[in-house]
2 protein chains.
Amino acid sequence: MLNEIGKRAKDAAAKLAVTSTEDKNRILQAMADALRENRKKILEANSEDIENGRKNGMADTLIDRLMLNDERIEGMAQGIEGVISLPDPVGRVLWETERPNGLKIQRVSVPLGVIGIIYEARPNVTSDAAALAVKAGNAAILRGGKEAFCSNACITDIMRSAVQNAGFNPDIIDLVRDTSRESATAMMKMNKYIDVLIPRGSASLINAVVENSTVPVIETGVGNCHIYIDRDADIDMAANIVFNAKTQRISVCNTAESLLIHKDIAELALIAVKARLDEKGVTLYGDEICREICPDIEKATEDDWAREYLDYKMSVKIVSSLDEAMEHIRKYSSGHSESIITENIDAAEKFLSGVDSAAVYHNASTRFTDGGEFGFGAEIGISTQKLHARGPLGLPQLNSFKYKIYGNGQIR
Amino acid sequence: MLNEIGKRAKDAAAKLAVTSTEDKNRILQAMADALRENRKKILEANSEDIENGRKNGMADTLIDRLMLNDERIEGMAQGIEGVISLPDPVGRVLWETERPNGLKIQRVSVPLGVIGIIYEARPNVTSDAAALAVKAGNAAILRGGKEAFCSNACITDIMRSAVQNAGFNPDIIDLVRDTSRESATAMMKMNKYIDVLIPRGSASLINAVVENSTVPVIETGVGNCHIYIDRDADIDMAANIVFNAKTQRISVCNTAESLLIHKDIAELALIAVKARLDEKGVTLYGDEICREICPDIEKATEDDWAREYLDYKMSVKIVSSLDEAMEHIRKYSSGHSESIITENIDAAEKFLSGVDSAAVYHNASTRFTDGGEFGFGAEIGISTQKLHARGPLGLPQLNSFKYKIYGNGQIR
């Protein structure tokens, strides 16, 4: 069954790869319209999921993530329309040359082919991911979590009908109708039909995909983000940025989880930052020096340095130099986003060059690592690996390239 | 032991990533000089490998690939000097923007980190791969075949001493001193220390790495390359190109393995092509129509369409349309290189757009898919996957990127 979906997606992707921008936008508009028109049907399917969730004792916060309403469905439709307005990434000449033998070589952007997306609770990912994949010329094989199965199936069916009614092959989008662990594992071995797998969700989901997939993976999301307050920091700015990066939205991957402070301003900075974090009841886990300065800071264990709390919690450590801060980040960071707060340009440039993470900031909050904030319009996740794409995955990152070579009989 | 090499490479890579172009070139020159100075030592180690090979009944062609001499060692040194002359790929601003909130965002090329290279017989890969990795700012962990172990170990030791004598950390290059299958498998799981694995060698080696590696892989090399002679082809040009693509060097991945001919010119084209291929004694495996035209063509089986012969053999099939040719290629190609021979520009553009391979040619030999021929100067392999890099892997493909974001206190 899964192979059948794969085969049909591969066939559909070959056609979609050479489909014009206008036609892809027509497909997307048809999808958006259909979601609006079938609002009631989606809400019915969603209420089934909610009911099942309640029956199975799902936590209220998860129920909230799962729940759709008129506004959220309108948001999904508008999300697709947002993708329509983005430039088509396919067919750009990325580089060209003419060789002494007369061969003209062009490197041209092309779709990746078939993108598999393995995700968890939120049903809006079904339409968001499908729209981005299709605009970039790819077929999408979606495999959502069992909690949202009725919603995802309904949304997928509506989108597939819309694509077909618009005169195109519906197999550019499909949902795996089996939410067992086996179906996810099987997708990870479908090298013949899937060109790249993107896992979206918890660290354990992402690790399972990285461990088991023979299909190339774009790893997304885990963020143990650091802020380093340098000796030459503006302390008010530092407190402001830490407060924002830690508390503006605690459940996301670009939230700061760990704070490093230069010893020469440890006392002033820590007291200032803690005063702000106290407003939101953030618990700090610190080393001994921190606890001498503020005795109500909890004692940090080795584990705290590597933790992505996703909570009103933060680790804090005093370092004796910029080098020590960079060394600590190198050891514990997940390679997502890190920021240095300093008025010293040389220190900033050393940090930005030397820290090996997807996004490195000078005097700004880590919360900006986001496709929208970077001006990409939309994203399918944040890559924390170095191969292919790093940071927010916008439309251009959902493309590969190929070489077109024009000759007139050249041989070697 | 392997983890120790990994850890040291990771540490060394962090420093190398921020090393200047001048210093990297000094390292490379020291390596080249040392290979020349230690010619005798290398030849001694190599003769041990040759002796072992002979004792184990190694075929003469393999002995030849393994054997070093003065000229080949000079070639290795010159190879490194060739890399010195290439531009440094690190630190290029690939894209930049200023956001309405004043954040300045730059996408900047950075090294991948630690590159693992698993390869087979030829000892020159040891210096070639190390030089490319280092110029692109990466540490290299090399794991060559057991046949070349003494040569590889000697070359690596010489390069490491040269790096150290030049005042840099020798751990930017190391060789795994264990050629068991287990050491290769262990490398494939070293996600903590290796950022990307590049297998170079046989299809079975590459498949083993793709199947077992949890470290991201750049798949290289297998080439079932097609040439399609269109209805509107110049038959002389077609025969010339097929002859070159099939016979100029039979053992390499960009050699043509399969020929497709439009039915409307099947007889003329097949006879012309076969006359040229007969000069080199190429055996053709064809479908029924081919065998009616030339009865001495062998009967092709289904397996022939997918085979990479790497020999004086070629499969040939008559197709009734450009679409059928493209469909056949889609089904059987390894995604390496394909060429259309035609005077019809529309047919050429349809083929170049619609065929999903790393390099697609109009009126030229597939043999041009090569870093040198593309003007990249040198390559570490030819990628047949779509993620990250496709086609010849030059220095820019041995880089990732990161985002540097400059603010003045921005929060969300």
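## Quick word on the overall build of chain A
Thought 1: Broken down by element type, chain A carries 15 helices and 16 strands.
Thought 2: In summary, chain A has a C-alpha radius of gyration of 24 Å against a globular reference of 22 Å for 412 residues, a match within 12%.
Thought 3: By principal-axis analysis of the C-alpha atoms, chain A measures approximately 70 × 70 × 35 Å.
Thought 4: The buried share among the 412 residues of chain A stands at 54%.
Thought 5: Taking as baseline every contact in chain A between residues at least 6 positions apart, the subset at least 24 positions apart corresponds to 72%.

## Focus on the relation of the copies chain A and chain B
Thought 1: Mapping chain A onto chain B is achieved by rotating through 180° and translating by 0.0 Å along the same axis, at an RMSD of 0.0 Å. Taken together, the rotation and translation describe the operation of a two-fold axis. Across chain A, the rotation axis passes nearest the C-alpha of His388(A), at a separation of 1.7 Å.
Thought 2: A shared binding surface is used by both copies, with 100% of the interface residues of chain A retained as interface residues in chain B.

## Some details on the packing of helix 3 (residues 39–55) of chain B against helix 7 (residues 149–165) of chain B
Residues and elements named next belong to chain B.
Thought 1: Helix 7 packs onto helix 3 with a crossing angle of 160° between their chain directions and a minimal axis gap of 7 Å. Taken together, the axes of helix 3 and helix 7 are roughly antiparallel relative to one another. Between helix 3 and helix 7 lies a crossing of right-handed hand. Contact residues: helix 3 offers Lys41, Ile42, Ala45, Asn46, Glu48 and Asp49, while helix 7 offers Phe149, Cys150, Ser151, Ala153, Cys154 and Ile155.
Thought 2: Each residue belonging to the contact of helix 3 with helix 7 can be placed in one class, and the counts come to 7 nonpolar, 2 polar and 3 charged.

## Concerning the environment of Thr366(B)
Residue and element names in this part refer to chain B.
Thought 1: Mapped onto the elements, threonine 366 comes out in the loop between strand 13 (359–364) and strand 14 (382–383).
Thought 2: Sequence spacing of threonine 366 and lysine 404 is 38 residues, and the spatial spacing of their C-alpha atoms is 40 Å.
Thought 3: Other than its neighbours up to four places away in sequence, threonine 366 contacts Cys225, Ile227, Ala245, Asn254, Ala256, Ser337, Ser339 and Tyr361.

## With respect to the pairing of strand 12 (residues 337–341) of chain A
As a general feature of sheets, a regular strand has side chains that alternate between the two faces.
Residue and element names in this part refer to chain A.
Thought 1: Within strand 12, 5 of the 5 residues are buried, which leaves it mostly tucked inside the rest of the structure.
Thought 2: For strand 7 (residues 225–229) and strand 12, the ladder comprises 4 bridges, and the chain directions are parallel. Residue pairing for strand 12: histidine 226 is matched across the bridge by glutamate 338.
Thought 3: Two strands pair when backbone bridges link them, and strand 12 and strand 13 (residues 359–364) are joined in this way by 4 bridges, in the parallel orientation. By the bridge assignment for strand 13, glutamate 338 is matched with valine 360.

## What about the interface of chain A and chain B?
Thought 1: On the chain B side, the residues contacting the 57 residues of chain A number 57 residues.
Thought 2: Here the side of chain A that touches chain B takes 11 residues from strand 16 (residues 399–410) of chain A, the largest share from any one element.
Thought 3: In terms of residue class, the side of chain A that touches chain B is made up of 25 nonpolar, 21 polar and 11 charged.
Thought 4: Pairing of strand 16 of chain A with strand 13 of chain B, which is carried by 5 bridges, proceeds in the parallel orientation. By the bridge assignment for strand 13 of chain B, Lys404(A) is matched with Val360(B).

## Let's talk about the sheet that holds strand 5 (residues 173–175) of chain A
Residue and element names in this part refer to chain A.
Thought 1: With parallel pairing, the 4 strands of this open sheet are ordered in space as 5-4-3-6. In this open sheet, the two strands that pair with only one neighbour each are strand 5 and strand 6 (196–200). Adjacent strand axes in the sheet meet at a mean angle of 20°, parallel and antiparallel pairs treated alike.
Thought 2: Of the strand pairs in this sheet, strand 4 (residues 139–143) and strand 5 are connected by 3 bridges, and their pairing is parallel. When the sheet's bridge partners are listed, leucine 142 is paired in strand 5 with leucine 175.
Thought 3: Sheet strands in contact with helix 9 (residues 203–212) are strand 3 (114–119) and strand 6, and its direction is about 160° off that of strand 6.

## Quick notes on the nonpolar core
Thought 1: In terms of nonpolar packing, the biggest core is built from 150 residues, with Met31(A), Ala140(A), Met31(B) and Ala140(B) touching the most fellow members.
Thought 2: If sequence neighbours within four positions are ignored, Met31(B) has contacts with Ile80(B), Ala131(B), Met159(B), Ala162(B) and Val163(B).
Thought 3: Formed by 56 residues, the second largest nonpolar core is a distinct cluster that contains Ala238(B), Val273(B), Ile329(B) and Val355(B).

## What about the domain arrangement of chain A?
How big an interface is tends to be stated in terms of the accessible area lost upon association of its parts.
Thought 1: Under the domain assignment used here, chain A contains domain 1 (2–218 + 393–406) and domain 2 (225–368).
Thought 2: The centre of domain 1 of chain A, based on its C-alpha atoms, is set 36 Å off from the matching centre of domain 2 of chain A.

## Overview of the confidence of the model for chain A
Thought 1: This prediction gives chain A a mean pLDDT of 96; 100% of its residues lie at or above 70.
Thought 2: Across the predicted assembly, pTM comes out at 0.91 and ipTM at 0.93.

## Quick word on helix 10 (residues 235–247) of chain A
Thought 1: A rise of 1.5 Å per residue sets the reference length of helix 10 of chain A, with its 13 residues, at 18 Å; its end C-alpha atoms lie 18 Å apart and thus fit the reference within 8%.
Thought 2: Burial in helix 10 of chain A covers these residues: Met237(A), Ala238(A), Ala239(A), Ile241(A), Val242(A), Phe243(A), Asn244(A), Ala245(A) and Lys246(A).

## Re the pairing of strand 2 (residues 104–111) of chain A
Residue and element names in this part refer to chain A.
Thought 1: Both strand 1 (residues 93–98) and strand 2 contribute to a ladder of 5 bridges, which runs antiparallel. Its bridge partner being in strand 2, tryptophan 95 is matched across the sheet by arginine 107.
Thought 2: Linking strand 1 to strand 2, which pair antiparallel, is a turn of 5 residues; within it glycine 102 sits at a positive phi near 95°.
Thought 3: When strand 2 meets strand 16, the two strands line up antiparallel, connected through 8 bridges. Across the sheet, the residue bridging to glutamine 106 is lysine 404, located in strand 16.

## Section: the environment of Phe243(B)
Residue and element names in this part refer to chain B.
Thought 1: Note on placement: phenylalanine 243 falls in helix 10 (residues 235–247).
Thought 2: Accessibility expressed as a C-beta count within 10 Å gives 22 for phenylalanine 243, which makes it buried.
Thought 3: Look past the residues within four positions of phenylalanine 243 in its chain and what remains in contact with it is Arg276 and Leu277.

## A look at unusual backbone geometry
All names here are of chain A.
Thought 1: A positive phi angle, near 55°, is found at asparagine 363, a position not held by glycine.
Thought 2: Along the chain, the position of asparagine 363 falls in strand 13.
Thought 3: Phi at histidine 388 is positive, roughly 75°, even though this residue is not glycine.
Thought 4: As for its placement among the helices and strands, histidine 388 is situated in the loop between strand 14 (382–383) and strand 15 (391–392).

## Some details on the sheet that holds strand 4 (residues 139–143) of chain B
Residues and elements named next belong to chain B.
Thought 1: Pairing in this open sheet of 4 strands is parallel, and the strands run 5-4-3-6 from one edge to the other. The sheet terminates laterally at strand 5 (173–175) and strand 6 (196–200), the two strands that pair on one side only. Neighbour-to-neighbour, the strand axes of the sheet open up by a mean angle of 20°, direction not taken into account.
Thought 2: Here strand 3 (residues 114–119) pairs with strand 6 via 5 bridges, running parallel. What sits directly across from glycine 116, in strand 6, is leucine 197.
Thought 3: Sitting on the sheet, helix 6 (residues 124–135) is in contact with strand 3, strand 4, strand 5 and strand 6, with an inclination near 160° to strand 4.

Calculation criteria
Residues numbered from 1 in each chain as written. Chains lettered and ligands numbered in written order. Predicted model: local features only at pLDDT ≥ 70, side-chain atom pairs only at ≥ 80, totals over all residues. Helix = DSSP H or I, 4+ residues; strand = E, 2+ residues; numbered from the N terminus. Rg over C-alpha atoms; globule rule 2.2 N^0.38 Å. Buried ≥ 20, exposed ≤ 12 C-beta atoms within 10 Å, placed from the backbone. Contact = placed C-beta atoms within 7 Å. Least-squares fit on C-alpha atoms with pLDDT ≥ 70 in both. Axes fitted to C-alpha atoms, helices over the stretch in contact; angles between N-to-C directions. Parallel < 35°, antiparallel > 145°, perpendicular 65-115°, else oblique. Left-handed = near helix turned anticlockwise from the far one by under 90°. Nonpolar A, V, L, I, M, F, W, Y, C, P; charged D, E, K, R; others polar. Pairing = 2+ DSSP bridges. Core = buried A, V, L, I, M, F, W, Y, C linked by C-beta atoms within 7 Å. Domains from an automatic or database assignment. pLDDT = per-residue confidence, 0-100. Expected span 1.5 Å × (residues − 1).

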